[in-house]
Amino acid sequence: MDVTTPLDHCPALILNADYRPLSYFPLSTWSWQEAVKAVFRETVTVLSEYERVIRSPAWEMKLPSVLALREYIPNNRTPAFTRFNVFLRDGYRCQYCGRKFRTQDLTFDHVIPRSRGGRTTWDNIVTACQSCNILKGNRMPHECHMYPQREPDRPSVFELQEYGRKFPPSFLHRSWGDFLYWDVELEA
Ligand SMILES: [Zn+2]
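All of these numbers come straight from a predicted model, not from anything done at the bench. (Residues numbered from 1 in each chain as written. Predicted model: local features only at pLDDT ≥ 70, side-chain atom pairs only at ≥ 80, totals over all residues.)

Student: Could you give me a rundown of the overall build of the chain, with the residues and numbers involved?
Tutor: Regarding its fold elements, the chain presents 5 helices and 6 strands. Sequence-ordered secondary structure for the chain, helices as α and strands as β, is β-β-α-β-β-α-β-β-α-α-α. The C-alpha radius of gyration computed for the chain amounts to 21 Å, which surpasses the reference 16 Å derived for 188 residues by more than 25%, pointing to a less compact arrangement than a globule. Along the three orthogonal principal directions, the C-alpha set of the chain runs to about 75 × 30 × 25 Å. A fraction of 58% describes how many contacts in the chain between residues 6 or more apart in sequence connect residues 24 or more apart. (Helix = DSSP H or I, 4+ residues; strand = E, 2+ residues; numbered from the N terminus. Rg over C-alpha atoms; globule rule 2.2 N^0.38 Å. Contact = placed C-beta atoms within 7 Å.)

Listed below in structure tokens is the structure:
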């Protein structure tokens, strides 16, 4: 990271007005263009900068690396019911055998099978590996003695964000470290 770093490699970490990341998963970042526009609109406070400078004939500025919104955005939406968020809630673990898998090796399972009236909802869908999904088939949990490790429910946005913290993105600039709580070492 220096004065010649390509602009595309200078995203800004976006914090809410309470200086916590707007989102952990995916981590809230803006491109340098969005970041610069926000600085000019004065909707953000610059907390940290890259060494990388951009210039026009009239002005020059260091690209921001950490920005905080001036106005607080409440984060109390209900999370989207997507495959991805179900996997995240379940920590990428098959809820039957308890093993961890990559996204492409996971599927989801209806605890009460659809053929038995089970619905596609947060409280009836769990993460499963292909083998367990096939093994369980159209049986009720008590018929095959396969129960989810954790009773499925709808997580709050806060809970999903907490789970997301366990899966840090590949790019983390060192200036972001003060504002994040990953359990990993930051890029030096
Ligand atoms: Zn399994």
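Student: Run through unusual backbone geometry, naming residues and quoting values.
Tutor: Glycine aside, residues mostly have negative phi angles, and peptide bonds mostly take the trans form. With a phi angle near 65°, Tyr19 is a residue other than glycine that sits in the positive phi range. The residue Tyr19 is located in the loop between β1 (12-15) and β2 (29-30) in this model. The phi dihedral of Tyr92 falls on the positive side, at around 60°, and the residue is not glycine. Topologically, Tyr92 is positioned in the loop between α2 (83-89) and β5 (106-110). Classification of Tyr92 by C-beta neighbours within 10 Å gives partly exposed; the count is 18. (Buried ≥ 20, exposed ≤ 12 C-beta atoms within 10 Å, placed from the backbone.)

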